[in-house]
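Coordinate analysis (summary)
So the chains spell out like this:
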Amino acid sequence: MTNLAELKGLAEPSEEQRALRDTASAFLAEHDNIRAADEGDLALWQKMVELGWAAVIVPEQHDGLGLGYADLAVLAEEFGRTLNRSPFFASVVLAQGCLIEAGSAAAQARWLPDLAMGTATATLIGANGLHWQGADALPVAATATGDGGWRLQGRVAQVLDGARADFALVIARLGDGRPAIFHVPADTPGLIRQALPVWDLGRPQAAWDFDGVCLPAESRVDVEVDSATLAERLQRVHALAALMLAAEQIGSSAHCLDITLAYVKERRQFGRPIAEFQAVKHRCAEMMVSIEAARSALAGALPFAAADAATADLMLAAASARIAACEAQRFCAQEAIQLHGGVGFTWEYDPQLHFKRSQWAAHWLGDVAYWRGVVADAVLGVAK
Amino acid sequence: MTQVMDEGAFRAEVAAWMQTHLTGRFAELRDRGGPGDESISPALRKEWEQEMAAGGWVGLGWPEAQGGRALPVSLQLAFHEEYARAGGPGRMGHIGETLLAPTLIALGTPEQQARFLPGIRAGTEYWCQGYSEPGAGSDLAAIATRCWQEDGKWKLQGQKVWTSLAHESDWIFVVARSVPGSTGREGLSFLLVPLDQPGVEIRPIRQLTGEAEFNEVFFDGAETGADCLIGQAGDGWRVAMTLLGFERGLSTLGQQMHFAHELALVVEAAQANGAARVPEIRQRIADAWVGLRGLRANALRMFSGGEAAIGAESLVYKYAWSNWHRRLGQLAMDVLGVAGDVQSDEDTVRRLQQVFFFSRSDTIYAGTNEIQLNIIAERGLGLPRTR
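Residues numbered from 1 in each chain as written. Chains lettered and ligands numbered in written order. Predicted model: local features only at pLDDT ≥ 70, side-chain atom pairs only at ≥ 80, totals over all residues.

**Quick look at the overall build of chain A**
A tally of helices and strands in chain A yields eleven helices and nine strands. For 384 residues, the compact-globule estimate of 2.2 N^0.38 gives 21 Å, and chain A sits close to it at 21 Å. Once the C-alpha set of chain A is aligned to its principal axes, its extents read approximately 80 × 50 × 45 Å. For chain A, buried positions account for 50% of its 384 residues. If you take every contact in chain A between residues at least 6 apart in sequence, the share linking residues at least 24 apart comes to 74%. (Helix = DSSP H or I, 4+ residues; strand = E, 2+ residues; numbered from the N terminus. Rg over C-alpha atoms; globule rule 2.2 N^0.38 Å. Buried ≥ 20, exposed ≤ 12 C-beta atoms within 10 Å, placed from the backbone. Contact = placed C-beta atoms within 7 Å.)

Below you can see the structure in the form of structure tokens.
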């Protein structure tokens, strides 16, 4: 990074991105569903599909818009503000991301149009919590059945959108330790799904038991490359999703600051708005500092989401964004509760929603310790 | 600047010049003279300033009519980064070049510009800043130093403090109270005062590093010419704030180059003594690394419009870098362990000790942490002033 030409990549959002942000902001504010029952979620998703939100990163030949992760990040940030419960993260960020980076041409042609058009939703299954640590750590094993098909065995404790996705892309380990990706419809015989009671209602999860699940040959959907290359592509899938999660965390953090500012300007004690007290102002200012740090980190990271960026660079970029975003979201959600005082502890007010999301987001797709480890290994060499 | 200059070619030009000129008698200045190291070879560093002036590297952003090169912000940023990358010594003329000169160009008379800009441009006259006083730190408007007109001159009585490089300077610019009985921002005047005169006494302040880079400056009937008033009498606050507005952070990327160098020294020290295997140290070094990467992205956001806009990212930047740097200093000492207790001549250890001790001042000067948070809250978030 030595040339200021890179400034262009960090400039303010493009006109198209601003328009997307404004549309999303208005739509999501109007269709807040985080406290509602989930019956209406899929009908609402169809409206979002009509707005093109499921087509952003899908290539044009597969009925998509062919845009990039910088554009998807705009949407992710807006989802983070309202915490709308939708298939966006599981079906678009995770499943589409996996198909585009690591899926075969046939699988992309078969499934991306369905996902982009909203005729199906999907999720991604790998290590629990999608904490990528290579194929050896995968909980689902796949063995060839002799007739060209596959048999999957194993249990994944927590699958995002696991009770409602139409199918999952399952990253499994083969007998020789190589990874492979399988398309698994949710109604496949031998598959037992158990919805889980979760704290963050915007992130529904289910346990998946693969009890001798038999699949036809064409359910194998990974791109035909050597296993090292596939492992690298899967690492990219996780890093790109982590970047989008960072964007969502920034939106959540910014919303925490917004509602806190509104509250402290209105709430009066000792005959004045509590916003006049320096102890309160400084906490708000520190929220802004943490959010801007995360915004800067994400802005500096997004150029490395490009397909031609080296995977090692993408990993360091994702690490920078994720570490800063986790710190911002944890801090801002906690401060939102604190600065709202008693009502910050209630179900009715929003801080609790973001606090629970920050707890969810802190551990999925690699926690801060994991991402710091990625950086430490790159900067210091792998510890012996 | 009429033709567009290619940034890559410009960077190569800076690097090549540095390589051929930071040699010979100047070689000992490489990587020296930065914050915490200001006392090193001041006479030679002034000669270096003149060497740079001869090379055309002073006044890059000034108008051509004033002896400058009128380079765009992007190239000025690039200059500072390449200068730091080449190990360029800490600058001694920066207060004159980057603070006073733009103020003179904006608010000075043609006579004042003709009198003072050439000495700054040539590296022959050095300047220091007389703002802070014992009773006027964060509350800068509480200035008590007085000035008045007498016998066709300005005279001054009072005291300034924390005056960096006063002992190496020829002139000081001073904000003093010219209207008796005035308070706050009213009734102040902005004067240029020669330091070599009987009415001025400069006393060094020994800081916690043991060095004395800043001073107390006493005015006891000190004098300066009637033509050394900038702007109107009583309008000094506006002049002073105009000057602070020129602290646009053009040397930001150069500063970050120094930070990167310091972090590399921390890594080197950790690998040398085995701390690099300690999980907690690894995590903290990783944090420092991503923090610096974030600072760079923040700086690039600040200048992405071509000029530094006062956006959210600019408001938080001083707070962000100074606290990052302070943490780096602590990390450096935790990597060194007990060896950090001993004052060292060894280059890596000496530099890391400087980072540790001197970075305590980063969160105090140019707006303390607490003032920065007030600024962020009031200008960035629209929160009310505290009554």
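Right, picking up where we left off after that structure.
**Concerning the overall build of chain B**
For chain B, the helix and strand inventory stands at eleven helices and eight strands. The C-alpha atoms of chain B give a radius of gyration of 22 Å, which matches the 21 Å a tight globule of 387 residues would have. Referenced to the eigenvectors of the C-alpha coordinate spread, the extents of chain B come out at roughly 70 × 50 × 45 Å. Considering only intrachain contacts with a sequence separation of at least 6, the fraction spanning at least 24 residues in chain B is 71%.

**Some words on the interface of chain A and chain B**
The partner chain B presents 41 residues to the 36 residues of chain A that form the contact. Residue assignment for the side of chain A that touches chain B shows that the elements contributing at least two residues are α1 (7-10), α8 (278-301), α9 (311-340) and α11 (368-380) of chain A.

**Considerations on the packing of α9(A) against α11(A)**
Two quantities define a packed helix pair, namely the angle between the helix axes and the distance between the axes. Residues and elements named next belong to chain A. It is at 9 Å that the axes of α9 and α11 come closest, and there the two elements cross at 140°. Judged by the inter-axis angle, α9 sits oblique to α11. For α9 against α11, the interelement crossing comes out left-handed. Of the residues in α11, those touching α9 at Met315, Leu316, Ala319, Arg322, Ile323 and Cys326 are Val368, Trp371, Arg372, Val374, Val375 and Ala378. Counted by class, the contact of α9 with α11 contains ten nonpolar, no polar and two charged residues. (Axes fitted to C-alpha atoms, helices over the stretch in contact; angles between N-to-C directions. Parallel < 35°, antiparallel > 145°, perpendicular 65-115°, else oblique. Left-handed = near helix turned anticlockwise from the far one by under 90°. Nonpolar A, V, L, I, M, F, W, Y, C, P; charged D, E, K, R; others polar.)

**Here we look at the domain arrangement of chain A**
Residue and element names in this part refer to chain A. By the assigned domains, chain A splits into domain 1 (4-121), domain 2 (124-219) and domain 3 (227-380). Of note, the centres of domain 1 and domain 3, computed from C-alpha atoms alone, are 20 Å apart. Residue-level contacts link 21 residues of domain 1 with 25 residues of domain 3. Only α1, α4 (69-82) and α5 (88-102) provide two or more residues apiece to the side of domain 1 that touches domain 3. Here the side of domain 1 that touches domain 3 takes ten residues from α4, the largest share from any one element. Broken down by class, the residue content of the side of domain 1 that touches domain 3 amounts to 13 nonpolar, four polar and four charged. (Domains from an automatic or database assignment.)

**As for unusual backbone geometry**
Residue and element names in this part refer to chain B. Positive phi is not limited to glycine here, since aspartate 31 has a value of about 65°. Secondary-structure assignment places aspartate 31 in the loop between α1 (7-21) and α2 (42-55). Phi is positive for alanine 366, which is not a glycine, with a value near 55°. Looking at the secondary structure, you find alanine 366 in the loop between α10 (347-358) and α11 (369-380).

**Topic: helix α7 (residues 227-266) of chain A**
With 40 residues, α7(A) should cover 58 Å at 1.5 Å per step; its first-to-last C-alpha distance of 59 Å lies within 8% of that length. Counting buried positions along α7(A) gives 29 out of 40 residues, so the element sits mostly inside the fold. (Expected span 1.5 Å × (residues − 1).)

**Remarks on the pairing of strand β5 (residues 188-194) of chain B**
Residues and elements named next belong to chain B. Counting buried positions over the seven residues of β5 gives six, a clear majority of the element. Two elements, strand β4 (residues 171-177) and β5, share seven bridges in a ladder whose sense is antiparallel. Looking across to β5, one finds that alanine 176 is bridged to serine 189. Of the strand pairs in this sheet, β5 and strand β8 (residues 229-230) are connected by two bridges, and their pairing is antiparallel. Within β8, the position partnered with phenylalanine 190 by the bridge is isoleucine 230. (Pairing = 2+ DSSP bridges.)

**A short note on α10(B)**
Across its twelve residues, α10(B) extends 16 Å between first and last C-alpha, which sits within 8% of the 16 Å expected from 1.5 Å per residue. Among the residues of α10(B), B:Arg351, B:Leu352, B:Gln353, B:Val355, B:Phe356 and B:Phe358 are the ones counted as buried.

**Structural notes on the nonpolar core**
Counting residues in each nonpolar core, the largest one holds 178 residues, and the members touching the most others are A:Leu169, A:Val170, A:Leu243, A:Met244, A:Met288 and A:Leu298. Apart from residues no more than four positions distant in its own chain, A:Met288 is found in contact with A:Leu257, B:Ala312, B:Val316, B:Ile376, B:Gly380 and B:Leu381. Within the second largest apolar cluster, 41 residues are counted, among which are B:Met92, B:Trp171, B:Ala176 and B:Leu195. (Core = buried A, V, L, I, M, F, W, Y, C linked by C-beta atoms within 7 Å.)

**Topic: the domain arrangement of chain B**
For chain B, the assigned domains are domain 1 (7-92), domain 2 (127-238) and domain 3 (252-380). For domain 1 of chain B and domain 3 of chain B, the distance between their C-alpha centres works out to 23 Å.

**Quick look at the pairing of strand β2 (residues 140-144) of chain A**
All names here are of chain A. Looking at chain direction, β2 and strand β3 (residues 150-160) are connected through five bridges and run antiparallel. Opposite valine 140, over in β3, you have glycine 154 as the bridge partner. Where β2 folds back on β3, the antiparallel hairpin that results is connected by five residues, among which glycine 146 adopts a positive phi of roughly 95°. By the bridge criterion, two bridges tie β2 to strand β4 (residues 167-174) in an arrangement that is parallel. Within β4, the position partnered with alanine 142 by the bridge is leucine 174.

**Some details on the packing of α7(A) against α9(A)**
Residues and elements named next belong to chain A. Axis separation between α7 and α9 bottoms out at 7 Å; the angle between their running directions is 25°. Taken together, the axis directions place α7 and α9 in an arrangement best described as roughly parallel. As α7 runs across α9, the sense of the crossing is left-handed.

**Section: the environment of B:Leu244**
All names here are of chain B. Tracing the backbone shows leucine 244 in helix α6 (residues 236-245). Leucine 244 gets classed as partly exposed once you count the C-beta atoms within 10 Å, which come to 14. Each C-alpha atom, one on leucine 244 and one on leucine 100, is 9.5 Å from the other, the two residues being 144 residues apart in sequence.

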